[in-house]
Amino acid sequence: MNARALSPFDRLLIDAQNALDTVFGAPLAQRANPSADEPDVVLDEGERRHAAGLMRINHVGEVCAQALYVGQAAVARDEATRAHLLAAAQEETDHLAWCAQRLDELDSRPSLLNPLWYAGSYAIGALAGLRGDGWNLGFVVETERQVEAHLDEHLQTLPNADVRSRAILEVMKADEARHANHAQAQGARVLPQPVPTLMAMASNLMKTVAYRI
Ligand SMILES: [Fe+2]
Ligand SMILES: [Fe+2]
């Protein structure tokens, strides 16, 4: 289908469908789960709960990434930027599916607040996108760098025995670094303060809440 032929209403319906699939559906990964060959070591109760809290944060992070990119794409002026954003959202679907599978294995569940995280991130994405395509790409770079940093933090605090979560986070971290570099190469501008600081504050709030709920 030619994206130029879509009316604003068509786009709205597609975005609504994506929101429902992300929040309530069971997204399908296109790549194999990186944890598939790792042993499922039995964790003690404290370790299991901690690992589940971290994987819930990572799952919410992927819900937010989807929503940000779809929100930005909704208002992108340039077709190449829109295509880049939608392709990035597609790749995050693998991460979303892998995190959901691991949460299930850990006898846990995704955040109950996912509809709220999705709506907030979509709004932020659309607002950022309205400032122009250089900003759009700058926003992708900043988001991916921040996700990469918190994945690093999680890799350090995950229980040593949780090799399955670790395998997933390592592949995600490499993907996020690639996403940032790609957006950089496409002409991202550097976001001025206080935007990066506000984004870091919002992500810290999300992490604190999503660890538990
Ligand atoms: Fe991701
Ligand atoms: Fe990413």
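In case you missed it, the structure is sitting above this.
Before going into details, it helps to say that this report is about the structure given with it.

## Some points on the coordination of the iron ion (ligand 2)
Taken together, Glu92 (OE), Glu144 (OE), Glu144 (OE), Glu176 (OE) and His179 (ND1) make up the full set of protein donors to the iron ion (ligand 2), lying 2.0 to 2.3 Å away. One chain supplies every donor for the iron ion (ligand 2), spaced along it as E-x51-E-x31-E-x2-H. Here the iron ion (ligand 2) and the iron ion (ligand 1) are spaced 3.7 Å apart, with Glu92 acting as a shared donor. Taken together, the residues Glu92 in helix H3 (residues 79–105) and His179 in helix H6 (residues 163–185) connect sequence positions 87 residues apart. In this structure, Glu92 and His179 share a single accessibility class: buried.

## So, empty space enclosed by the protein
Gaps left between atoms show up when a probe the size of a water molecule is rolled over them. In total, this model carries one cavity of 30 Å³ or more according to the counting rule given. Its volume calculated, the largest cavity comes out at about 30 Å³. Every residue lining the largest cavity is listed: Gly61, Glu62, Ala65, Tyr69, Glu92, Thr143, Glu144, Val147 and Glu176. Contributions of two or more residues to the lining of the largest cavity are made by helix H2 (45–75) and helix H5 (133–157). The biggest single contributor to the lining of the largest cavity is H2, with four residues. Looking at side-chain class alone, the lining of the largest cavity contains three nonpolar, two polar and four charged residues.

## Section: the environment of Asp40
Among the structural elements, Asp40 can be located in the loop between helix H1 (8–24) and H2. Spatially, the C-alpha atoms of Asp40 and His50 are 16 Å apart, while their sequence positions differ by 10 residues. In this structure Asp40 touches Arg102 and Arg164, once residues within four positions along its chain are discounted.

## A few points about the pattern of salt bridges
In this structure the tally under the stated criterion is 13 salt bridges. Residues Arg145 and Glu148 are paired through a salt bridge, measuring 3.5 Å at the closest nitrogen-oxygen approach. Note that Arg145 and Glu148 are positioned in helix H5 at a spacing of three residues, about one turn of the helix. For Glu153, the salt bridge goes to Lys207, with nearest N and O atoms at 4.0 Å. Placement of the pair is Glu153 in helix H5 and Lys207 in helix H7 (residues 195–210), with a sequence separation of 54 residues. Because the salt bridges share partners, they merge into one network encompassing Asp40, Arg102, Glu105, Asp162 and Arg164.

Cut-offs and rules
Residues numbered from 1 in each chain as written. Chains lettered and ligands numbered in written order. Predicted model: local features only at pLDDT ≥ 70, side-chain atom pairs only at ≥ 80, totals over all residues. Heavy atoms only, no water. Donors = N, O, S within 2.8 Å, 3.2 Å for Na, K, Ca; no water. Helix = DSSP H or I, 4+ residues; strand = E, 2+ residues; numbered from the N terminus. Buried < 20%, exposed > 50% of the residue type's maximum accessible area, 1.4 Å probe, protein only. 1 Å grid on protein atoms, 1.4 Å probe; cavity = no way out; pocket = protein on both sides within 12 Å on 5 of 7 lines; lining within 4 Å. Points joined across faces, edges and corners; volume = space filled by probe spheres on them. Nonpolar A, V, L, I, M, F, W, Y, C, P; charged D, E, K, R; others polar. Contact = heavy atoms within 4.5 Å. Salt bridge = Lys/Arg side-chain N within 4 Å of Asp/Glu carboxyl O.

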